[in-house]
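# Reading the structure
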Amino acid sequence: MELEILKKKLSSYKGEGGRVTKVNDDLLLEILSAWEHWTGSAKDFYRGIGSNHKKMARMIGKAKQLRREGADKSFQEISIEGVTDTALPNPLSCDIEVQDRGRVIRFGKVDLLVDFLKKAS
């Protein structure tokens with residue numbers, strides 16, 4: 001199932017000629033992680049994501065380079081000072097992601113996002 005998702009993500013980077021170009025660094029790290037956790041044969045992995053070893057060698061190599069340089073896909077929680085959860089007795093819950101200076105900030109409640117945007121502006 002995971003390989004089908006990667007295949008769909010990669011297909012969004014296909015150009016007019018069918019070549020995969022300008023793949024996002026996050027997707028490269030995701031492909032590398034899936035490759036490292038794959039227990040089957042390499043041929044089955046490449047077939048599962050709709051590629052072959054020649055096409056994927058460069059992408060996996062670039063992902064390894066990104067990891068060596070310190071790119072990390074792990075989530076880091078950022079706390080915001082002065083923001084409390086007691087504004088509403090039962091605030092709306094949601095999953096909102098905002099990109100700020102190359103990092104992703106996730107908010108679980110709308111109130112937290114609004115407070116963050118007020119302080120950021």
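Everything below is about the structure shown above.
Quick caveat: nothing in here was measured; it's all calculated off a predicted structure.

Moving on, we get to the side chain of S51. Within the secondary structure, S51 is located in the loop between α3 (42–48) and α4 (53–68). A relative accessible area of 18% places S51 in the buried class. Leaving out residues up to four positions away in the same chain, S51 has contacts with Y46 and M56.

This paragraph deals with helix α1 (residues 2–11). Restricting attention to buried positions, one finds in α1 the residues L3, L6 and L10. Summarising the axial view, the buried residues of α1 lie within an arc of 60°, below the 170-degree limit, and thus occupy one face.

On to the environment of L66, then. Structurally, the position occupied by L66 is in helix α4. Since its relative accessible area comes to 13%, L66 is described here as buried. Each C-alpha atom, one on L66 and one on D25, is 7.7 Å from the other, the two residues being 41 residues apart in sequence. Discounting residues that sit within four places of it in the chain, L66 has contacts with D25, L28, L29 and A71.

Basis of the calculations
Residues numbered from 1 in each chain as written. Predicted model: local features only at pLDDT ≥ 70, side-chain atom pairs only at ≥ 80, totals over all residues. Heavy atoms only, no water. Helix = DSSP H or I, 4+ residues; strand = E, 2+ residues; numbered from the N terminus. Buried < 20%, exposed > 50% of the residue type's maximum accessible area, 1.4 Å probe, protein only. Contact = heavy atoms within 4.5 Å. Arc of directions from axis to C-beta.

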